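Residue-level structural notes
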Amino acid sequence: MTLTTDGSAQAASSGTPENPWGDTKTAAAAAPSSGSLGPTGRPRPVFPEPRPRITHGPARVVAMVNQKGGVGKTTTTINLGAALVECGLRVLLVDFDPQGALSVGLGINPLQLDLTVYNLLMERGITAEEVLLKTNVDGLDLLPSNIDLSAAEVQLVTEVAREQVLGRVIKPLLPEYDVCLIDCQPSLGLLTINALACAHGVMVPLECEFFALRGVALLMDTIIKVQERINEDLEIEGLLATMYDARTLHGREVLARVVEAFGDKVFHTVINRTVRFPDATVAGEPITSFDPSSLGANAYRELAREVLARWPDTYADRAPRTTGEVPL
């Protein structure tokens with residue numbers, strides 16, 4: 001369902017009256033046409049397929065941040081990462097939440113891990129390569145986490161340059177990847193500040209719900225403070241509307257208010273609510289491989305193209321355009 005110019009809703013490729021969630025493989029997502037209005041009420045651009053890559057790295061680091069829990073940070077980290085891999089990128093995922101949800105979502109039991117991000121942060125002599133795990137998706141690697149990480153926030157308080165610890169330990173890995181996505185805990189504490197301090201950009205998954213909207217102002221204030229005091233190169237990649245239900249007036253109003261407040265910082269791509277996301281989590285794999293023809297998988301592929309379109313100087317074209325041209 002999309003919004004028309006007068007604010008009313010009309011049917012769209014996000015589902016049918018019999019299947020409003022668009023959960024089935026038979027409900028294939030139609031390619032958006034340029035100029036038509038998308039869910040955000042703006043003309044929906046068509047994002048080009050990225051060109052093949054012949055080189056990799058260094059990685060652009062993006063932190064997934066929202067102090068409210070349950071807004072889709074982990075789901076977005078997993079599925080955007082997998083969609084970027086389909087575009088030919090090498091992606092590193094960092095589970096920076098003591099709950100270990102990112103690790104679980106990729107089929108890894110955090111309780112059975114001997115080495116995690118906690119060991120990498122707090123123990124000298126532990127290298128990132130020792131902690132790194134390969135996932136079932138080729139080109140998608142993980143630095144896992146478990147409940148041990150909750151102790152790091154207290155222990156880091158007495159460390160010199162405590163906001164820079166994460167950036168220091170993952171730095172050796174970045175030349176091998178194109179993108180590093182950090183899944184942050186639902187908090188604006190020291191762990192999240194570490195992620196913001198080493199990131200080039202921050203992405204804000206935002207549930208289309210009133211209480212999620214209320215916390216955005218506080219989050220933006222924190223991001224501005226990090227920009228001013230720690231990481232002047234930090235950029236806001238964009239706000240991503242998640243768990244969107246176009247059937248509800250509340251969801252449409254919240255999305256409209258977000259677009260009104262943040263304008264072009266809001267991604268055109270909107271992630272609809274669907275039961276296929278929790279199903280994929282239980283299976284321990286991204287939705288792009290669990291149900292590759294689902295609308296959820298296609299939404300994250302569209303998001304990957306949109307994200308890459310916002311990084312033209314770095315990622316739009318790493319293949320030589322003409323014979324003899326040296327690639328970046």
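Keep in mind that what you see is a predicted model, and the values were worked out from it rather than measured. (Residues numbered from 1 in each chain as written. Predicted model: local features only at pLDDT ≥ 70, side-chain atom pairs only at ≥ 80, totals over all residues. Heavy atoms only, no water.)

**Section: the pairing of strand S8 (residues 201-207)**
Spelled out, the test is: Only protein chains enter the calculation, and the probe is 1.4 Å; a residue is then buried if its accessible area is under 20% of its type maximum, exposed if over 50%, and partly exposed in between. A run of H or I in DSSP counts as a helix once it spans at least four residues, and a run of E counts as a strand once it spans at least two, with each numbered from the N terminus. One bridge is not enough; two strands pair if DSSP finds at least two bridges between them.
Across the 7 residues of S8, 7 count as buried, placing the element largely inside the fold. Of the two faces of S8, the one carrying Gly201, Met203, Pro205 and Glu207 and the one carrying Val202, Val204 and Leu206 are both buried. The sheet contact formed by strand S3 (residues 60-64) and S8 spans 3 bridges and is parallel. Counted as the bridge partner of Met64 is Met203 from S8. Of the pairings in the sheet, the one linking S8 to strand S9 (residues 235-242) comprises 7 bridges and is parallel in character. In the sheet register, Pro205 faces S9, and the bridge partner there is Leu240.

**Topic: helix H10 (residues 249-262)**
As a reminder, the rule being used: Here the expected span of a helix is defined as 1.5 Å times the quantity of residues minus one. Relevant arc is that of directions from the helix axis to the C-beta atoms, nothing else.
Between its terminal C-alpha atoms H10 stretches 20 Å, which fits the 20 Å expected from 14 residues at 1.5 Å a residue. Buried residues of H10: Gly251, Arg252, Val254, Leu255, Val258 and Val259, and no others. Buried residues along H10 cover an arc of 165° about the axis, so they all sit on one side. Among the exposed residues of H10, those oriented more than 90 degrees off its buried face are Leu249, Glu260 and Ala261. One or two steps after H10, the chain reaches Gly263, where phi turns positive at roughly 55°.

**Notes on helix H1 (residues 73-86)**
Its 14 residues give H1 an end-to-end C-alpha distance of 20 Å, which sits within 8% of 20 Å, the value for a rise of 1.5 Å per residue. Counting buried residues along H1, 12 of its 14 residues qualify, which places the element largely inside the surrounding structure. Taken as a whole, H1 has its buried residues at Lys73, Thr74, Thr76, Thr77, Ile78, Asn79, Leu80, Gly81, Ala82, Ala83, Leu84 and Val85.

**Regarding the packing of aromatic side chains**
As a reminder, the rule being used: Each pair of aromatic rings taken from Phe, Tyr and Trp, with Trp reduced to its six-membered ring, is defined by centres within 6.5 Å and is described as stacked if the planes are under 30 degrees apart, edge-to-face if over 60, and tilted in the remaining cases. Two conditions define a charge located above a ring, namely a distance within 6 Å from the ring centre to NZ of Lys or CZ of Arg, and an angle within 35 degrees of the ring normal.
Applying the stated rule across the entire model yields 2 aromatic pairs. Centre to centre, the rings of Phe277 and Tyr300 are 5.7 Å apart; their planes meet at 80°, and the pair counts as edge-to-face. Placement of the pair is Phe277 in helix H11 (residues 276-283) and Tyr300 in helix H13 (residues 295-309), with a sequence separation of 23 residues. When sorted by exposure, Phe277 lands in the same class as Tyr300, which is buried. Positioned above the aromatic ring of Tyr177, the side-chain terminus of Arg90 is 5.0 Å from the ring centre.

Just geometry here; none of it tells us what the structure is for.
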